Amino acid sequence: MTTAAQTSSSLIDWLQGLAKRQDRGRLAALRRGLLLEPNQFYELYRVVPPQFLEGAGRDEIQRRLMVAVLFATHQGSFPSDPENKRHHNLGESLRLLARKRAGGSIDSEEGLPEPLKRRLDALLAAPSDELFPHLRQVIRMLKAEEIPVDWEQLLWDLRNWDQEDRRVQWQWSRSFYVGEREA
């Protein structure tokens, strides 16, 4: 029996395989999902192999298809390091974007660009059913500057977005505003 984590990992592997093989047809078909609302992602069933969707509930299928659409938009991923299983959340990717825009270093929270702060704050405040438009914009910004995304971590984070303790939002905020220093 496969778990959601195994299926997710396989989905991300499949997506990365599309990019590696330069399967422009499938990637373009997935990118058309940018024009859809998550409740219309059923149109993407013809693009994604069924083994990545079967056995999952509607919300989980929407999350997987959302990640597939976003991946097709920007295939940039953190390099795989089998010895270091560290994951990177989207707050960290946005901090890398801020650092790149600042010319290489950010000394404090004041060094972070206001537009990125506003973008992240809007994203963190969004309920899960309103995340897609925010994520779509963030992924486009990261693509424009060739900043990588940890797609497996993003999918895990989307699954846990509505946790009462808001752990995902805390982690993204810390990664963006504080960085890798000890809290």
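Preceding this paragraph is the structure being described.
Residues numbered from 1 in each chain as written. Predicted model: local features only at pLDDT ≥ 70, side-chain atom pairs only at ≥ 80, totals over all residues. Heavy atoms only, no water.

1. A word on the layout of surface pockets
What counts here: Note on definitions: the grid is 1 Å and covers protein atoms alone; a cavity is a set of points where a 1.4 Å probe fits but cannot get out; a pocket is an open set with protein on both sides within 12 Å along at least five of seven lines; lining residues have an atom within 4 Å of a point. Grid points are joined across faces, edges and corners, and a volume is the space filled by probe spheres set on the points. Strands here mean DSSP runs of E at least two residues long; helices mean DSSP runs of H or I at least four residues long; both are numbered from the N terminus. Residue polarity follows a fixed list, in which Ala, Val, Leu, Ile, Met, Phe, Trp, Tyr, Cys and Pro are nonpolar, Asp, Glu, Lys and Arg are charged, and the others, Gly among them, are polar.
In this structure, the second largest pocket spans a volume of roughly 260 Å³. In terms of lining, the second largest pocket is formed by 15 residues, of which the most central are Asp59, Gln62, Arg63, Ser128 and Asp129. Elements represented by at least two residues in the lining of the second largest pocket include exactly helix H3 (58–73) and helix H7 (151–159). A total of five residues in the lining of the second largest pocket trace back to one element, the largest contributor, which is H3. Partitioned by chemical class, the residues of the lining of the second largest pocket number five nonpolar, three polar and seven charged.

2. Notes on the nonpolar core
Quick reminder of the rule: Nine residue types can take part in a nonpolar core, namely buried Ala, Val, Leu, Ile, Met, Phe, Trp, Tyr and Cys, and a core is a set of them joined through side-chain atoms within 4.5 Å. Exposed residues in this analysis have more than 50% of their type's maximum accessible area, buried residues have under 20%, and partly exposed residues fall in between, with area computed by a 1.4 Å probe over protein chains only. Residue contacts follow a heavy-atom distance rule, with two residues in contact if any of their heavy atoms lie within 4.5 Å.
Of all hydrophobic cores here, the largest spans 55 residues; its most connected members are Leu90 and Leu135. At the level of secondary structure, the elements contributing two or more residues to this core comprise helix H1 (4–21), helix H2 (24–31), H3, helix H4 (90–101), helix H5 (114–125), helix H6 (131–144), H7 and helix H8 (167–177). The element that contributes the greatest number of residues to this core is H3, accounting for nine residues. Those residues in contact with Leu90 that sit more than four places away from it in its chain are Leu123, Leu135, Val138, Ile139, Leu142, Val149, Leu154 and Trp172.

3. Thoughts on H5
Quick reminder of the rule: To estimate how far a helix should reach, multiply one less than its number of residues by 1.5 Å. Within this analysis, the arc is defined by the directions that extend from the helix axis to the C-beta atoms.
Taking 1.5 Å per residue, twelve residues should reach 16 Å; H5 reaches 16 Å between its end C-alpha atoms and fits that length. For H5, the full list of buried residues reads Leu116, Lys117, Leu120, Leu123 and Leu124. Down the axis, H5 shows its buried residues gathered within 130° of arc, on one side only. Projecting away from the buried face of H5 at angles above 90 degrees are the exposed residues Arg118 and Ala125.

4. Some points on the packing of aromatic side chains
To keep things clear, this is the line we draw: Only Phe, Tyr and Trp rings are paired, with Trp represented by its six-membered ring, and only when their centres lie within 6.5 Å; those with planes under 30 degrees apart are stacked, over 60 edge-to-face, the remainder tilted.
Per the stated rule, a full pass over the model turns up five aromatic pairs. Judged by centre distance (5.7 Å) and plane angle (40°), the ring pair of Trp14 and Phe52 falls under tilted. Taken together, the positions of Trp14 in helix H1 and Phe52 in the loop between H2 and H3 put the pair 38 residues apart, joining distant regions of the chain. Each member of the pair Trp14 and Phe52 is classed as buried.

5. Concerning the packing of H5 against H6
Where we set the bar: Geometry is summarised by axes, namely lines fitted to C-alpha atoms with helices restricted to the contacting stretch, and by angles between N-to-C directions that run from 0 to 180 degrees. Here the angle decides the label: under 35 degrees means roughly parallel, over 145 means roughly antiparallel, 65 to 115 means roughly perpendicular, and every other value means oblique. Handedness of a helix crossing follows the sense of rotation of the near helix relative to the far helix, less than a right angle counterclockwise being left-handed and clockwise being right-handed.
It is the contact of H5 with H6, at a shortest axis distance of 9 Å, that shows an interaxial angle of 150°. The pairing of H5 with H6 is recorded here as roughly antiparallel in orientation. Of the two possible hands of crossing, H5 and H6 adopt the one that is left-handed. Note on element contacts: H6 touches H5 through Leu131, His134, Leu135, Gln137, Val138 and Met141, opposite Leu116, Arg119, Ala122 and Leu123. Along the lines of polarity and charge, the residues of the contact of H5 with H6 split into seven nonpolar, two polar and one charged.

6. Digging into a negative patch on the surface
Selection criterion: Only residues above 30% relative accessible area that lack a salt bridge enter a patch, with like-charged residues linked at up to 9 Å and the nonpolar side chains Val, Leu, Ile, Met, Phe, Trp and Tyr linked at up to 5 Å. Here the Shrake-Rupley method, with its probe set to 1.4 Å, supplies the accessible areas, and only the displayed protein chains count as covering residues. Any Lys or Arg side-chain nitrogen located within 4 Å of an Asp or Glu carboxyl oxygen qualifies as a salt bridge. Charge convention: Lys and Arg are scored as positive, Asp and Glu as negative, and His as well as the terminal groups of each chain are ignored. Every charge is mapped to an atom, namely NZ of Lys, CZ of Arg, CG of Asp or CD of Glu.
The grouping of Asp59, Asp129, Glu130 and Asp162 at the surface amounts to a negative patch. Relative to the elements of secondary structure, Asp162 occurs in the loop between H7 and H8.

7. Here's the deal with a positive patch on the surface
Positive charge collects at one region of the surface, where Arg31, Arg32, Arg46 and Lys143 lie side by side. Residue placement: Arg31 occurs in helix H2. Owing to a relative accessible area of 33%, Arg31 belongs among the partly exposed residues under this scheme.

8. Side note on the packing of H3 against H6
As a packed pair, H3 and H6 sit with axes 9 Å apart at the nearest point and diverge in direction by 25°. Regarding the angle of H3 to H6, the classification is roughly parallel. Classified by chirality, the crossing of H6 by H3 is right-handed. Contacts between H3 and H6 involve Met66, Val69, Leu70 and Thr73 from the former and Phe132, Leu135, Arg136, Ile139, Arg140 and Lys143 from the latter. Split by residue class, the contact of H3 with H6 holds six nonpolar, one polar and three charged.

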